[in-house]
Amino acid sequence: MKFISPVPSAPIMASLLFALLANTTAAQAQTAPQTLYQALGSESGISQIVDEAVGIILQDERIKASFKETNIPRLAQLLKEQFCVISAGPCKYSGDDMKTVHQGLGINAAQFYALAEDVQIAMDKLTIPSATQNRLMALLAPMKRDIVSPRLKQ
Ligand code: HEM
């Protein structure tokens, strides 16, 4: 009868240990927390999203009239800074707060949702995964109370 040792031999132990470590590393890589900034593609990814979104906004019949007198390159730059900051990126936002900027513009809720939708369309075009899109939308949504004009709230 062949004797089977209950203790694995050294080479088997070594390969078991290796497999365990390899698995741990793979699992850690999968669950490693990724900031939204990284998920959006860092500075260049955010830059593409904003440029794409601004292009869509300026053609959107629902809201384009609001931007007739806006300095668009400046707006795009400030949106890039803002998206970077709120997604935990290494940036500084140099614009004004949302309430100060938008008060008096008479923006209603439908216009707010139209702009948010345009940002989503831009992210779709750039094949940003929907889970990542939702993370950005969740950060933009609370801005509604500062952007929509009180008298026109729907
Ligand atoms: C989540 C939604 C929105 C975000 C995150 C956002 C963000 C911004 C930012 C960062 C600026 C530049 C701030 C500055 O000039 O210091 C800005 C300006 C502006 N936004 Fe919004 N905005 C939003 C929704 C809207 C909507 C729905 C409208 C109108 C339909 C709008 C109209 C404008 C206009 C006209 C300006 C330029 C104001 C000026 O130059 O005096 N925004 N926005």
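Quick note: structure is the one above.
Because the structure is predicted, anything quoted here is derived from the model rather than measured. (Residues numbered from 1 in each chain as written. Predicted model: local features only at pLDDT ≥ 70, side-chain atom pairs only at ≥ 80, totals over all residues. Heavy atoms only, no water.)

1. Quick word on the state of the cysteines
Condition: For this text, the term disulfide refers to a pair of cysteine sulfurs within 2.5 Å.
Following the criterion strictly, the structure yields one disulfide and no others. A sulfur-sulfur separation of 1.7 Å characterises the disulfide bridge that pairs Cys 84 with Cys 91. Negative torsions about the S-S bond denote left-handed disulfides, and the value of about 75 degrees found for Cys 84 with Cys 91 makes this one right-handed.

2. Structural notes on the coordination of the iron atom of the ligand
The condition that has to hold: Because water is not among the atoms used, a metal site may look incomplete, as its donors are only the N, O and S atoms within 2.8 Å, or 3.2 Å for Na, K and Ca. Secondary structure follows DSSP: runs of H or I at least 4 residues long count as helices, runs of E at least 2 residues long count as strands, and numbering of each begins at the N terminus.
Of all protein atoms, just one serves as a donor to the iron atom of the ligand, and that atom is His 102 (NE2), at 2.1 Å. In this structure, His 102 sits in helix α5 (residues 98-102).

3. Description of empty space enclosed by the protein
Note the cut-off: Only protein atoms enter the 1 Å grid used here. Points where a 1.4 Å probe fits but cannot escape make up a cavity, open sets with protein on both sides within 12 Å along at least five of seven lines make up a pocket, and a residue lines them when an atom lies within 4 Å of a point. Grid points are joined across faces, edges and corners, and a volume is the space filled by probe spheres set on the points.
What the rule picks out here adds up to one cavity of 30 Å³ or more. A volume near 40 Å³ is recorded for the largest cavity. Along the walls of the largest cavity sit Val 50, Ala 53, Ile 57, Leu 79, Phe 83, Leu 115 and Val 119, which together make up its complete lining. Looking at the lining of the largest cavity, the elements with two or more residues in it are α3 (42-57), α4 (72-86) and α6 (109-125). Counting residues per element, the lining of the largest cavity draws most heavily on α3, at three residues.

4. As for the environment of Lys 64
Selection rule: Type-normalised accessible area, obtained with a 1.4 Å probe on protein chains alone, sets the label of each residue: buried when under 20%, exposed when over 50%, and partly exposed for intermediate values. Here, residues are in contact when the closest pair of their heavy atoms is within 4.5 Å.
Counting through the fold element by element, Lys 64 comes out in the loop between α3 and α4. Residue classification places Lys 64 among the partly exposed positions, given a relative accessible area of 33%. Apart from the residues lying within four places of it in its own chain, the contact partners of Lys 64 are Ile 57, Leu 58 and Gln 59.

5. With respect to the site of the ligand
Convention followed: Proximity is defined per residue: if any heavy atom of the residue lies within 4 Å of a molecule or strand, that residue is considered near it. Under the rule applied, a polar contact is a pair of N or O atoms within 3.5 Å (in protein, one hydrogen donor and one hydrogen acceptor; residues adjacent in sequence only if both atoms are side-chain atoms). Should more than half of a molecule's atoms lie within 2 Å of a pocket's or cavity's grid points, that molecule is taken to sit in it.
Close to the ligand lie 23 residues; Ser 66, Arg 74, Gln 82, Asp 96 and His 102 are nearest. Separating an oxygen atom of the ligand from a backbone N or O atom of Asp 96 is a distance of 2.9 Å. Within the side chain of His 102, an N or O atom sits 2.9 Å from a nitrogen atom of the ligand. According to the grid-proximity analysis, the pocket containing the ligand is the largest pocket.

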